[in-house]
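A look at the structure
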Amino acid sequence: MASIVFGTLAVIALIVGVVLFLVLRRKPHTRVGAYVSATFLLLGAGMLTMGSISFGSLESAALQTFTQEERAAAVPCSAAVLRAEETSNKLNGRYIWLLRLRVTPQAGTPYEIERTARLTSSMGERLERGNVVLSCLVAPTDHTRIEISALA
C-alpha cells in the first residue's frame, strides 16, 4: 500500500512540475516560478528513483538465481515452506510473498530463513496451504543464498 501512495505522490509531483514549467516559462518576470517548477521536477524524479531503489532492496532479499558457476558449486537441499504470506505489493504483475523456509542441505543441519518471492496467484495459494517441500540449491559459503527453481 505504501508503494502505491509513494508512486502516486511522485507522479503528481512530476505533473505539477511540468505544468508549472509550461505555464511559467512564457512569463519572463516569473523567474521564481521556474525555480519552483524545477524543484517539483527534481522532487518527483527523486521520489521515483527512491521507489525503484526500494524495489531493488526488496529483490535483494528474494530467492536469487545463481550463475552457472555458482550453480555448479552449489549444494543440493530441500526447502520446506513453513509459512507463506501474500503482501500487498506487486512487481511486474506478480504479488510479492513473504516465505518462511526450513532449508535442509544435503550435508548439513537444517536452518530457517525468511525470503521474499514474486509468485503467481496459484503458486502462492499452493504454498500457503502448507506441506510443500521444494528442491533447492544453497551456496556452500553463504547459507542465506538459496535458489528454488520451481519459484523462478
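To be clear, the structure that these remarks concern was listed above.
Residues numbered from 1 in each chain as written. Predicted model: local features only at pLDDT ≥ 70, side-chain atom pairs only at ≥ 80, totals over all residues. Heavy atoms only, no water.

The next point concerns helix α4 (residues 121-128). Buried residues of α4: Met123, Gly124 and Leu127, and no others. An end-on view of α4 places all buried positions within 100° of arc, on one side of the element. Looking at the buried positions of α4, the neighbouring elements they touch are β1 (75-91), β2 (94-105), β3 (111-119) and β4 (133-138). Following α4 by one or two positions, Gly130 has its phi on the positive side, about 90°. (Buried < 20%, exposed > 50% of the residue type's maximum accessible area, 1.4 Å probe, protein only. Helix = DSSP H or I, 4+ residues; strand = E, 2+ residues; numbered from the N terminus. Arc of directions from axis to C-beta. Contact = heavy atoms within 4.5 Å.)

Quick look at the pattern of salt bridges now. Summed over all chains, the structure comprises 7 salt bridges. Between Arg83 and Glu85 there is a salt bridge, with the nearest N and O atoms lying 3.8 Å from each other. Owing to a relative accessible area of 35%, Arg83 belongs among the partly exposed residues under this scheme. In this structure Glu85 comes out as partly exposed when scored by relative accessible area, which is 39%. The network of salt bridges with common partners includes Arg83, Glu85, Arg100, Arg102, Glu112 and Glu114. (Salt bridge = Lys/Arg side-chain N within 4 Å of Asp/Glu carboxyl O.)

Counting 20 residues, the largest nonpolar core has Leu99, Leu101, Val103, Leu127 and Ile146 as the members making the most contacts within it. When contributions to this core are tallied by element, the ones reaching two or more residues are β1, β2, β3, α4 and β4. (Core = buried A, V, L, I, M, F, W, Y, C linked by side-chain atoms within 4.5 Å.)

Another point: the pairing of β3. Here β2 pairs with β3 via 9 bridges, running antiparallel. When the bridges of β3 are listed, Trp97 appears paired with Ala117. Where β2 hands over to β3, the hairpin turn is made up of 5 residues, counted between the paired strands. (Pairing = 2+ DSSP bridges.)

Distances and angles like these do not, on their own, reveal function.
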